[in-house]
Amino acid sequence: MSTPSSTIGFCGVLSESKRIINAHSRHFLALSVLFLLPLSFSIIVYPTLEQALSQSPHNNQPLTLLRHTSQSSTKTLNLLLIYLLFVFSISHCALATITHSVYHGFYGRPVKLLSSIISLSKSLIRLAITFACSQFVVFMVIAVFGIFGVLVIRGIELLGLQLSYDSPYAIALGLFGFGAIVVVVGYLQVIWSLAGVVVVIESSWGFAPLRRSKNLIQGMRKVSLSLLLFFEFFVSLLVWSSSSTAADMGGTADGWKSWAFVVQTVVSSAFVTLFMLHYLAAHTVLYMYCKAYHGDLAWEIAEEFSTEYVFLPFDGEKVPHLVSVVVP
């Protein structure tokens, strides 16, 4: 199947994902309230809550500075672990259910809340294993850069040159290494952007979805990068503005009592939820477009719409196609 490359782009993906969400607005609203809204609220509130715990009084008895710091660090660490576990769990629930729903909505199938939630039993463990595999690769990349940096420094010292860690050369070397890590990890994030969708739809796990995503995204990396930058920019902006509002209101203790802070938190959480919903839906649509772009979607559509006239979302002129399945 040949697909005009001009019709497959950033705006086309967003338009199609918006169409699917609007067609099943109540369904996606329910999923957003169940999974994305708590996730968005935690992302908005966590920086403020962390600061509140670090500034909270500890005991009526006088404490030494060392004991005060130790208790504060323990509370902060416990909060961080709980926060990371919560974000990890609920984000994968959102990814699984929304991807499942958008995939069925793409074909015009009925989407049901119960069916989406039941799909979690098939996807959560696979998503967790695939996430662990991706983080292992990222860790190995960072480790390789770290080892390379140490070898460079040792080589300079063996040559008899003195390299101070606060010298401009050392700082430049550190910035170069950090920039290289950011570029490589960013590249991996782009080529693996469809891995979660692959896990949910194709029921694969481990390193296989990462390789599958890399193959699918070829020719569509600019679209994937555009989606990543677009949504991460606005989500980061909302989180930053909410944290700045709390800081401008005299810290965390007084900030929680302010109506302005409460309204800011509610509005920011709602917008972050909206952005996350469209982000997940857009990547599911991008997965379908990538399959069409590589010619992998023809048989799947033929099976779905046997002997029916259908309008394919990625057809620019919306020409009806007669698709039939020949069974040998």
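Residues numbered from 1 in each chain as written. Predicted model: local features only at pLDDT ≥ 70, side-chain atom pairs only at ≥ 80, totals over all residues. Heavy atoms only, no water.

A. Local environment of the overall build of the chain. The helix and strand inventory of the chain stands at 12 helices and two strands. Burial statistics for the chain: of 328 residues in total, 40% are counted as buried. Considering only contacts within the chain whose residues lie at least 6 apart along the sequence, 74% involve residues at least 24 apart. Only carbon and sulfur atoms are counted for the fraction: they give 69% of the accessible area of the chain, which is about 18,600 Å². (Helix = DSSP H or I, 4+ residues; strand = E, 2+ residues; numbered from the N terminus. Buried < 20%, exposed > 50% of the residue type's maximum accessible area, 1.4 Å probe, protein only. Contact = heavy atoms within 4.5 Å. Areas by Shrake-Rupley, 256 points an atom, 1.4 Å probe, with all protein chains shown as cover.)

B. Layout of the packing of aromatic side chains. Under the defined criterion, the tally for this structure stands at 11 aromatic pairs. For the ring pair F231 and Y279, a centre distance of 5.4 Å and an interplane angle of 70 degrees mean the geometry is edge-to-face. With a gap of 48 residues between them, F231 in helix 9 (residues 221-248) and Y279 in helix 11 (residues 259-293) connect regions that are remote in the sequence. Its relative accessible area of 24% is what places Y279 among the partly exposed residues. Each member of the aromatic cluster is reached from another via a ring pair, and the members are F10, F230, F231, F233, F234, F275 and Y279. (Phe/Tyr/Trp six-rings, centres within 6.5 Å; stacked < 30°, edge-to-face > 60°.)

C. Region of the structure containing the side chain of H100. Relative to the helices and strands, H100 resides in helix 3 (residues 65-106). Those residues in contact with H100, other than ones at most four positions away along the chain, are S115, S116, S119 and V200.

D. View of the nonpolar core. Grouped together as the largest cluster of nonpolar side chains are 61 residues, with contacts concentrated most on V13, F28, L36, I98, L227 and L286. With 13 residues, helix 11 is the single largest residue contributor to this core. Discounting chain neighbours no more than four positions away, the residues touching L286 are V13, L194, I217, M220, V223, S224 and L227. (Core = buried A, V, L, I, M, F, W, Y, C linked by side-chain atoms within 4.5 Å.)

E. Highlighting helix 8 (residues 208-216). Listed as buried for helix 8 are P209, L210, S213 and L216. Burial along helix 8 is one-sided: seen end-on, the buried residues are contained in an arc of 130 degrees. Packed against the buried residues of helix 8 are helix 5 (120-158), helix 6 (168-191), helix 7 (195-202) and helix 11. (Arc of directions from axis to C-beta.)

F. Up close: the packing of helix 1 (residues 10-23) against helix 11. Orientation of helix 1 relative to helix 11, taken along the N-to-C sense of each, is 115 degrees, at an axis distance of 8 Å. The angle between helix 1 and helix 11 falls in the class roughly perpendicular. Handedness of the crossing formed by helix 1 with helix 11: right-handed. Here G12, V13, L14, E16, S17, K18, I20 and I21 of helix 1 come into contact with helix 11, specifically with L277, H278, A281, A282, V285, L286 and Y289. Tallied by class, the residues present in the contact of helix 1 with helix 11 amount to 10 nonpolar, three polar and two charged. (Axes fitted to C-alpha atoms, helices over the stretch in contact; angles between N-to-C directions. Parallel < 35°, antiparallel > 145°, perpendicular 65-115°, else oblique. Left-handed = near helix turned anticlockwise from the far one by under 90°. Nonpolar A, V, L, I, M, F, W, Y, C, P; charged D, E, K, R; others polar.)

G. Just the packing of helix 5 against helix 7, in detail. Contact geometry of helix 5 with helix 7 gives a least axis separation of 9 Å together with a crossing angle of 145 degrees. Judged by the twist between their axes, the crossing of helix 5 over helix 7 is right-handed. Facing S123, R126, L127 and T130 of helix 5, the residues of helix 7 in contact are G196, V199 and V200. Residues belonging to the contact of helix 5 with helix 7 are distributed by class as follows: three nonpolar, three polar and one charged.

H. Examining the pattern of salt bridges more closely. Tallying each qualifying case throughout the model produces two salt bridges. Between E16 and R19 there is a salt bridge whose closest N-O contact spans 2.5 Å. Taken together, the positions of E16 and R19, both in helix 1 and three residues apart, correspond to about one turn of that helix. A salt bridge links R212 to E202; the nearest nitrogen and oxygen atoms lie 3.1 Å apart. Of this pair, R212 sits in helix 8 while E202 is found in helix 7, placing the two residues 10 residues apart along the sequence. The exposure class of R212 is partly exposed, given its relative accessible area of 24%. (Salt bridge = Lys/Arg side-chain N within 4 Å of Asp/Glu carboxyl O.)

I. Examining helix 11 more closely. An ideal rise of 1.5 Å per residue puts 51 Å on 35 residues; helix 11 measures up with 50 Å between its terminal C-alpha atoms. Positive backbone phi, at 80 degrees, marks G295, one or two positions downstream of helix 11. (Expected span 1.5 Å × (residues − 1).)

J. The environment of L228, seen in detail. Topologically, L228 is positioned in helix 9. Judged by relative accessible area, which is 8%, L228 ranks as buried. Placed 55 residues apart in sequence, L228 and H283 show a C-alpha to C-alpha distance of 9.7 Å. Ignoring any residue separated from it by four or fewer positions in sequence, one finds L228 in contact with Q189, V190 and Y279.

Everything listed here is a matter of geometry and, on its own, says nothing about what the molecule does.
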